[in-house]
Amino acid sequence: MTEPGQKWIAARGGKGGMGNQHFATPKVQAPRKCTPGEKGEVRELFLELKLMADVGLVGFPNAGKSSLVNKISSGRPKVGDYPFTTLEPVLGIVQVNGHSFVVADIPGLLEGASEGKGLGHQFLKHIERTHTLLFVIDGFAENAYEQFKVLKDELKAFHPKLAEKNFVVALNKSDLGIGNAIKEFKKHRQKVVITSAITGEGCSELQQALDAAVPHIHKKSIGWSKKG
Ligand SMILES: Nc1nc2c(ncn2[C@@H]2O[C@H](COP(=O)(O)OP(=O)(O)OP(=O)(O)O)[C@@H](O)[C@H]2O)c(=O)[nH]1
Ligand SMILES: [Mg+2]
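The notes below deal with the structure included here. (Residues numbered from 1 in each chain as written. Chains lettered and ligands numbered in written order. Predicted model: local features only at pLDDT ≥ 70, side-chain atom pairs only at ≥ 80, totals over all residues.)

1. Considering the site of ligand 1
Part 1 of the reasoning: Around ligand 1 lies a shell of 24 residues, among which G64, S66, D81, T86 and G108 are the nearest.
Part 2 of the reasoning: Tallying contributions element by element places helix α1 (residues 65-72) first for the shell around ligand 1, with 3 residues. (Near = placed C-beta within 6 Å. Helix = DSSP H or I, 4+ residues; strand = E, 2+ residues; numbered from the N terminus.)

2. Examining the environment of K187
Part 1 of the reasoning: Relative to the assigned elements, K187 resides in helix α5 (residues 179-187).
Part 2 of the reasoning: For the pair K187 and T86, spaced 101 residues apart in the sequence, the C-alpha separation amounts to 32 Å.

3. Things to note about the environment of S100
Part 1 of the reasoning: Assignment of secondary structure puts S100 in strand β3 (residues 99-105).
Part 2 of the reasoning: The class of S100 is partly exposed, set by 18 C-beta atoms lying within 10 Å.
Part 3 of the reasoning: When the C-alpha atoms of S100 and P83 are compared, they prove to be 30 Å apart, with 17 residues separating the residues in sequence. (Buried ≥ 20, exposed ≤ 12 C-beta atoms within 10 Å, placed from the backbone.)

4. Some details on α1
An α-helical turn contains 3.6 residues, so a residue and the one three or four places further along point in the same direction.
Part 1 of the reasoning: Buried residues dominate α1, accounting for 8 of its 8 residues.
Part 2 of the reasoning: Listed in full, the buried residues belonging to α1 are K65, S66, S67, L68, V69, N70, K71 and I72.
Part 3 of the reasoning: Tucked inside the fold, the buried residues of α1 contact β1 (55-59), β2 (90-96), β3, β4 (132-138), β5 (166-172) and α6 (203-213). (Contact = placed C-beta atoms within 7 Å.)

5. Remarks on the nonpolar core
Part 1 of the reasoning: Of all hydrophobic cores here, the largest spans 47 residues; its most connected members are L134, F135, I137, V169, A170 and L171.
Part 2 of the reasoning: Looking at this core element by element, the count peaks at 6 residues for helix α3 (residues 144-158).
Part 3 of the reasoning: When sequence neighbours within four positions are dropped, the list of residues in contact with L171 reads I137, G139, A144, I178, A181, I182, F185, V192, I194 and T195. (Core = buried A, V, L, I, M, F, W, Y, C linked by C-beta atoms within 7 Å.)

Coordinates in, geometry out; function isn't part of it.
Structure below.
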């Protein structure tokens, strides 16, 4: 169910029986005869909520996903200096260039997430329907590029479609000196937006990069119209 007001028949009612009136004749105008209706279908359903967002954040725990969401959007997920601070997805609205779109912060992923390791896999379903992914990589980590590759592989293992999505990479924690990571990504010709969620460096560039990646039809115009 993706639209407001959308209808879907989960279980059909049984065919109705024939009431007394059906058996009425000129002589017997109030018959006592009737036939019972059929039983309706019975189905047990398990409903699962998938959040609707345009951009889904993916990254290892502690990479700074929630810190960036705080900087670039209206979302206010909790930030902590320990892994798995974020335990539930949090949505935020990014307002840029006169329109807005929605980003979803999800718990960090671990290598093996697609097989159930850590927490993140439970939330990957929330990003199945997002158009764009934002990989958040801790640029200060020694194996930053390796982490990016692991994340991509995990997504692919979870669902090949996830790996085909449009994506933007934020190489975060630039305030800590991330020259090595920048070089690594350059070597592999992978474009990145260099960010610091602490100083704010690169955060408006990140908004622009996401804006360029999210298709226009998904965006809502911000503004007001003067009536009367
Ligand atoms: N120096 C520096 N620290 C950062 C930056 N971004 C985040 N941090 C710190 O890194 C830690 C983790 O930040 P979070 O935003 O909670 O990271 P997360 O990726 O959401 O983590 P999980 O929710 O656990 O997956 C916090 O102590 C932040 O203050 C940054 O750009 N520079
Ligand atoms: Mg977080």
